[in-house]
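Here's the letter readout for the chains.
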Amino acid sequence: MAFKLLVEKPDLHEFEYILEEKNDKSEPKLFVSGPYMQFGEKNRNGRIYEGDEMCKEVARYTEEMINQKRALGELNHPTSAEVNPEKACHMVTELKQNGNVFHGKSQVLSTPVGNIMRSLIMDGVKLGMSSRALGQLEEKDDANYDKERRPEATDCVADPNVPKAIVNGILERKQYVLSQDGSFSETYDNFESGIRDLPRKDLDTYLKEQICSFLNKINRVLD
């Protein structure tokens, strides 16, 4: 069962930036609040997210990630489903449903990348949030229905009014397969096709020849 990495920024209201100051001695905390996810309506990418599945997965994400203070996000979308803590800029603190929209709130972190996010906001740059999830697309009634959607992270992005299909076209070339232990492994079409093209007879001999050829090329470079 193959899953694709999907990203989406809701085409909704602007985000609110909240500066919470506890006392004069501590650094005030900066929060971002606004629409993080939407279901039941066709979005700018021609996708429709299933409400029941999204609600179930948001509940799982809340329990496993938000409540455990592990719901990290990066500045702009990476090309991987996993979140790199070294590049984390914010932490999602809540996701609450309002109709067909999940409104979220994030705390901007004091990490190096979080400080960049904070500086951009304080300098007046308008940023938003875009969800990153693994899912399957099923084409039906002139729309792509996102099935088996599994939220992985919400990233902080700038919306430069460019077609979302550009970034989606890059990310969705990767595929992920669900392992027996429930984890996702990354796979590539060209790797799979390469495996299919391997000779079935004398496979061990073929692989040894390829390894020897590779080592010989390295030796020639070193010489």
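Residues numbered from 1 in each chain as written. Predicted model: local features only at pLDDT ≥ 70, side-chain atom pairs only at ≥ 80, totals over all residues. Heavy atoms only, no water.

Colleague: So, the overall build of the chain: which residues are in play, and what are the values?
Modeller: Helices and strands together make up the secondary structure of the chain, namely 5 helices and 11 strands. Put simply, the chain has 223 residues, and 38% of those count as buried. Carbon and sulfur atoms make up 49% of the accessible area of the chain, which totals about 13,700 Å². (Helix = DSSP H or I, 4+ residues; strand = E, 2+ residues; numbered from the N terminus. Buried < 20%, exposed > 50% of the residue type's maximum accessible area, 1.4 Å probe, protein only. Areas by Shrake-Rupley, 256 points an atom, 1.4 Å probe, with all protein chains shown as cover.)

Colleague: How would you explain the pattern of salt bridges if you had to name every residue and give the values?
Modeller: Two side chains that carry opposite charge are able to pair once their charged atoms sit near each other. Tallied over the full model, the rule gives 6 salt bridges. For Glu20, the salt bridge is made with Lys105, and the minimal N-O distance between the two is 3.5 Å. Taken together, the residues span a long stretch of sequence, with Glu20 in strand 2 (residues 16–20) and Lys105 in strand 7 (residues 101–108) at a distance of 85 residues. By relative accessible area, Glu20 is classed as partly exposed at 34%. Glu57 serves as the salt-bridge partner of Arg60, at 2.6 Å between the closest nitrogen and oxygen. Placement of the pair is Arg60 and Glu57 together in helix 1 (residues 51–66), with a separation of 3 residues, close to one helical turn. In this structure, a network of salt bridges that share partners links the residues Glu57, Arg60 and Glu64. (Salt bridge = Lys/Arg side-chain N within 4 Å of Asp/Glu carboxyl O.)

Colleague: So what about the side chain of Arg60? Which residues, and what values?
Modeller: For Arg60, a relative accessible area of 16% puts it in the buried group. A distance of 3.3 Å separates a polar side-chain atom of Arg60 from the backbone oxygen of Pro151. Excluding its chain neighbours within four sequence positions, the residues that come into contact with Arg60 are Met65, Arg150 and Pro151. (Polar contact = N/O pair within 3.5 Å; in protein donor to acceptor, adjacent residues only side chain to side chain. Contact = heavy atoms within 4.5 Å.)

Colleague: For the state of the cysteines, give the residues involved together with the corresponding values.
Modeller: Counted according to the given criterion, the structure contains 0 disulfides. Free of any disulfide, Cys89 has its nearest neighbouring cysteine sulfur in Cys156, separated by 5.1 Å. According to the relative accessible area criterion, Cys89 is buried, its value standing at 0%. Look at Cys156 and you get buried, because its relative accessible area is 1%. (Disulfide = S-S within 2.5 Å.)

Colleague: Outline the nonpolar core, supporting the account with residue identities and numerical values.
Modeller: Residues Leu95 and Met117 are the most contacted members of the largest nonpolar core, which totals 24 residues. Elements represented by at least two residues in this core include exactly strand 3 (29–38), helix 1, strand 6 (88–98), strand 7 and helix 2 (112–122). For this core, the leading source of residues is helix 1, giving 5 residues. For Met117, the residues in contact, after removing those within four places along its chain, are Val32, Cys89, His90, Val108, Leu127, Met129 and Cys156. (Core = buried A, V, L, I, M, F, W, Y, C linked by side-chain atoms within 4.5 Å.)

Colleague: Can you break down the sheet that holds strand 2 residue by residue, with the values?
Modeller: Spatial ordering of the open sheet is given by 2-3-7-6-5, a layout of 5 strands whose pairing is antiparallel. Two strands close off the open sheet at either side, each with one partner strand: strand 2 and strand 5 (72–74). With direction set aside, neighbouring strand axes in the sheet form an average angle of 35°. In this sheet, strand 7 lies alongside strand 3 in antiparallel orientation, the contact comprising 7 bridges. Residue pairing for strand 7: Val32 is matched across the bridge by Ser106. Where helix 2 meets the sheet, its contacts fall on strand 2, strand 3, strand 6 and strand 7, and the angle it forms with strand 6 comes to roughly 65°. (Pairing = 2+ DSSP bridges. Axes fitted to C-alpha atoms, helices over the stretch in contact; angles between N-to-C directions.)

Colleague: Help me get a handle on the environment of Pro151, residues and values and all.
Modeller: Along the chain, Pro151 falls in strand 9 (residues 143–157). Expressed as a C-alpha distance, the spacing of Pro151 and Tyr61, which sit 90 residues apart in the sequence, is 6.9 Å. Residues in contact with Pro151, not counting those within four places in the same chain, are Met37, Glu57, Arg60, Tyr61, Arg132 and Ala133.

Colleague: Could you give me a rundown of the confidence of the model for the chain, with the residues and numbers involved?
Modeller: Predicted confidence across the chain gives a mean pLDDT of 75, with 66% of residues reaching 70 or more. Taken together, the stretch residues 160–173 has pLDDT below 50 and engages in 20 contacts with residues farther than four places along the chain or on a different chain. Every residue in residues 188–193 is under pLDDT 50, and counting partners more than four places away or in other chains gives 4 contacts. (pLDDT = per-residue confidence, 0-100.)

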